[in-house]
Amino acid sequence: KMLEKSKLLSYFDNVITSEDVKGKVKPHPGPYLEATFRLGLKAKTCLAIDDSDIGMASAREAMCYPLRLNKFEHLTVQNLKRFLKKLEIRI
């Protein structure tokens, strides 16, 4: 819902929901690990975007870079670029 509301859904090739992880929901790292598996990436190279403490715990447990957003309005391309620049990752 966050991606739809922020009009960023089209920027993502994969979106994982609780339906995709067969009961291994957050704070279990399952959702993020499933995403990295589908993308063929190592978790430590991935950015996990979430808006909750449980989501941040899940992202950290999966060894992803966690990006906490407190409001849907904060999920913008500009904010993502700013965060990635801090990590020295280019998009």
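Relevant structure appears above.
What counts, and where the lines are drawn
- Residues numbered from 1 in each chain as written.
- Predicted model: local features only at pLDDT ≥ 70, side-chain atom pairs only at ≥ 80, totals over all residues.
- Heavy atoms only, no water.
- Core = buried A, V, L, I, M, F, W, Y, C linked by side-chain atoms within 4.5 Å.
- Buried < 20%, exposed > 50% of the residue type's maximum accessible area, 1.4 Å probe, protein only.
- Helix = DSSP H or I, 4+ residues; strand = E, 2+ residues; numbered from the N terminus.
- Patch = residues over 30% accessible without salt bridge, like charges linked within 9 Å, V, L, I, M, F, W, Y side chains within 5 Å.
- Areas by Shrake-Rupley, 256 points an atom, 1.4 Å probe, with all protein chains shown as cover.
- Salt bridge = Lys/Arg side-chain N within 4 Å of Asp/Glu carboxyl O.
- Pairing = 2+ DSSP bridges.
- Right-handed = clockwise from strand over helix to strand, strands pointing away.
- Polar contact = N/O pair within 3.5 Å; in protein donor to acceptor, adjacent residues only side chain to side chain.
- Contact = heavy atoms within 4.5 Å.

1. Some points on the nonpolar core
Core analysis: the largest hydrophobic core is formed by 8 residues, namely M2, L3, L8, L67, L69, L75, L80 and F83. Of all the elements in the fold, those that place two or more residues in this core are α1 (2-5) and α4 (77-86). Core analysis: the second largest hydrophobic core is formed by 7 residues, C46, A48, A62 and C64 among them.

2. Description of a nonpolar patch on the surface
Together, L9, Y11, F12, V15 and V77 make up an exposed nonpolar region whose accessible area comes to about 430 Å². Overall, the relative accessible area of 39% leaves V15 in the partly exposed class.

3. Digging into the pattern of salt bridges
Evaluation of the coordinates by the stated rule reveals 4 salt bridges. For D53, the salt bridge identified is with R68, shortest N-O distance 2.4 Å. Separated by 15 residues along the polypeptide, D53 in helix α3 (residues 53-61) and R68 in strand β2 (residues 65-68) bring together distant segments of the chain. Salt bridges linked by common partners bring D20, E34 and R38 together as one network.

4. Some thoughts on helix α2 (residues 30-39)
Those residues of α2 lying buried are G30, P31, Y32, A35 and T36. Of the residues trailing α2, G40 is marked for its positive phi of about 70°.

5. Considering the pairing of strand β1 (residues 47-50)
Residues A48 and D50 line the buried face of β1, whereas the alternating positions L47 and I49 sit on a face that is not buried. Sheet topology places β1 next to β2; 4 bridges connect them, and they run parallel. Following the sheet pairing, A48 is matched in β2 by P66. Note on the crossover from β1 through α3 to β2: the handedness is right-handed.

6. Let's talk about the side chain of D50
The topology assignment puts D50 in strand β1. For D50, a relative accessible area of 4% corresponds to the buried category. A polar contact of 2.8 Å, which involves the side chain of D50, links it to the side chain of Y32. Not counting the four nearest positions on each side in its chain, D50 is found in contact with K26, Y32, G55, M56, L67, R68 and L69.

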